[in-house]
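For reference, the chains in residue letters:
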Amino acid sequence: MNLSHIEHIGIAVNSIEEAKTYFEDVLGLKCYAVEEVADQKVKTAFFKIGETKIELLEATSEESPVAKFIAKKGQGIHHIAFATDDVDKSLKEAENKGVRLIDKEKRKGAEGLNIGFLHPKFTLGVLTEFCEKGK
Ligand code: CMX
């Protein structure tokens, strides 16, 4: 599988406004974008460090996967996203190796990226995402 780097780490938070102060005031990172992804029922905030981003995730509805995650586990690391040159191909490869897919094919995520998720029950409990630059 042609993965190049960790594209981002998603962190579920109760409030982006409150969480931002830790990343900005303590770690000295700069929030460069805030975006709502209606399809995923989340608001996101992005910070960059090297090639990797931190994506803060705040639920916009009680039905959001992030709201359910926080209700069960509290705030914390929600998913890890790997950069690939072809999300559909990476999903197919994972499926062929016995991993259950959440997404059968790529869809649009934050920042115009194409994304696809693997089921955490098949990835050692770590929700895993593939990302590629939007085509
Ligand atoms: N990491 C690890 N495990 C997770 C998880 C996560 N982020 N989210 C849910 N789970 C686990 C739950 O703890 C639960 O485990 P148990 O059965 O042992 O209790 C199990 O998965 C089922 O969880 P659930 O709360 O009943 O939720 P669903 O089955 O309805 O959905 C999942 C789970 C992973 C399929 C769903 O959250 C999903 O489709 N996630 C992908 C999309 C997403 O998370 N979008 C938000 C981010 C979008 C973005 O980055 O832009």
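Whatever comes next refers back to the structure up there.
The residue numbering used here restarts from 1 in each chain and proceeds along that chain's sequence as written. Per-residue local features of the predicted model are confined to residues with pLDDT of at least 70, and side-chain atom pairs are confined, for both listing and counting, to 80 or more; whole-chain, interface and lining totals are unaffected and use all residues. Side-chain measures were taken over the full set of non-hydrogen atoms in the model, leaving aside hydrogen atoms and water.

A.B. asks: In this structure, what is going on with the overall build of the protein chain? I would like to understand it.
C.D. replies: Every helix listed is a DSSP run of H or I at least four residues long, and every strand listed is a run of E at least two residues long, numbered separately from the N terminus. Helices and strands together make up the secondary structure of the protein chain, namely three helices and eight strands. Going from the N terminus to the C terminus, the protein chain shows its helices and strands as β-α-β-β-β-α-β-α-β-β-β. Restricting the calculation to C-alpha atoms gives the radius of gyration, and the globule rule supplies 2.2 Å times the number of residues raised to the power 0.38. Since a compact globule built from 135 residues should have a radius of gyration of about 14 Å, the 14 Å found for the protein chain is in line with a globular shape. Oriented by its inertia axes, the alpha-carbon framework of the protein chain measures out at about 45 × 30 × 25 Å. Burial here depends on accessible area, computed with a 1.4 Å probe over protein chains only, as a share of the maximum for the residue type. Under 20% is buried, over 50% is exposed, and the range in between is partly exposed. Looking at the protein chain as a whole, 42% of its 135 residues qualify as buried. Contact criterion: two residues are considered in contact whenever any of their non-hydrogen atoms come within 4.5 Å of each other. In the protein chain, the share of contacts with a sequence separation of at least 24, taken over all contacts with a separation of at least 6, comes to 53%.

A.B. asks: Help me out: how do you make sense of the site of the ligand in this one?
C.D. replies: For this purpose, a residue is taken to be near a molecule or strand whenever a single non-hydrogen atom of the residue falls within 4 Å of it. In the neighbourhood of the ligand, 17 residues make up the surrounding shell, with Gln40, Glu55, His78, Lys121 and Gly125 lying closest. Between N or O atoms, a polar contact is any pair within 3.5 Å; within protein, one atom must be a potential hydrogen donor and the other a potential acceptor, and residues adjacent in sequence are included only when both atoms are from side chains. At a separation of 2.6 Å, a nitrogen atom of the ligand approaches a polar side-chain atom of Gln40. Between the ligand and Lys68, the relevant distance is 3.1 Å, taken from an oxygen atom to a side-chain nitrogen or oxygen of the residue. Only the protein chains shown count as cover for residues, with accessible areas throughout obtained via the Shrake-Rupley method and a probe of 1.4 Å. Against a free-state accessible area of 970 Å², the protein chains account for coverage of 73% of the ligand. Here the shell around the ligand takes five residues from helix H2 (residues 65–73), the largest share from any one element.

A.B. asks: So what exactly am I meant to see when it comes to a positive patch on the surface here?
C.D. replies: Judged by side-chain charge, Lys68, Lys72, Lys73 and Lys121 come together as a positively charged surface patch. Its place among the elements puts Lys72 in helix H2. Residues forming no salt bridge and having over 30% relative accessible area are the ones grouped into patches, like charges within 9 Å of each other and nonpolar side chains (Val, Leu, Ile, Met, Phe, Trp, Tyr) within 5 Å. Definition used for salt bridges: Asp or Glu carboxyl oxygen within 4 Å of a side-chain nitrogen of Lys or Arg. Positive residues here are Lys and Arg, negative ones are Asp and Glu, while His and the chain termini are left out of the count. For charged residues, the charge sits on one atom: NZ in Lys, CZ in Arg, CG in Asp, CD in Glu.

A.B. asks: Any chance you could explain the pairing of strand E1 (residues 3–12) here in plain terms?
C.D. replies: When DSSP finds at least two bridges between two strands, those strands are taken to pair. Of the pairings in the sheet, the one linking E1 to strand E5 (residues 76–84) comprises seven bridges and is antiparallel in character. Across the sheet, residue Gly10 finds its bridge partner in E5, namely His79. Two strands pair when backbone bridges link them, and E1 and strand E4 (residues 52–59) are joined in this way by five bridges, in the parallel orientation. Counted as the bridge partner of Gly10 is Glu55 from E4.

A.B. asks: I'm lost on the state of the cysteines in this one. Help?
C.D. replies: Cysteine sulfur pairs qualify as disulfides if the two atoms are within 2.5 Å. Under the criterion given, the structure shown has zero disulfides. Cys31 carries a free sulfur, and the closest cysteine sulfur to it, the one in Cys131, is 17 Å from it. According to the relative accessible area criterion, Cys31 is buried, its value standing at 12%.

A.B. asks: Just to check I follow, could you spell out the side chain of Glu55 for this structure?
C.D. replies: Relative to the assigned elements, Glu55 resides in strand E4. For the buried residue Glu55, which engages in no salt bridge, the nearest side chain bearing the opposite charge is Lys53, 8.8 Å off.

A.B. asks: I keep staring at the environment of His79 and nothing clicks. Help me out?
C.D. replies: In this fold, His79 is placed in strand E5. With a relative accessible area of 2%, His79 lands in the buried category. Sequence-distant contacts of His79, defined by excluding residues within four places in its chain, comprise His8, Ile9, Gly10, Glu55, Leu57, Phe117, Leu127 and Glu129. Separated by 3.3 Å, the side chains of His79 and Glu55 make a polar contact. Of note is the side chain of His79, whose polar atom sits 2.9 Å from the side chain of His78.

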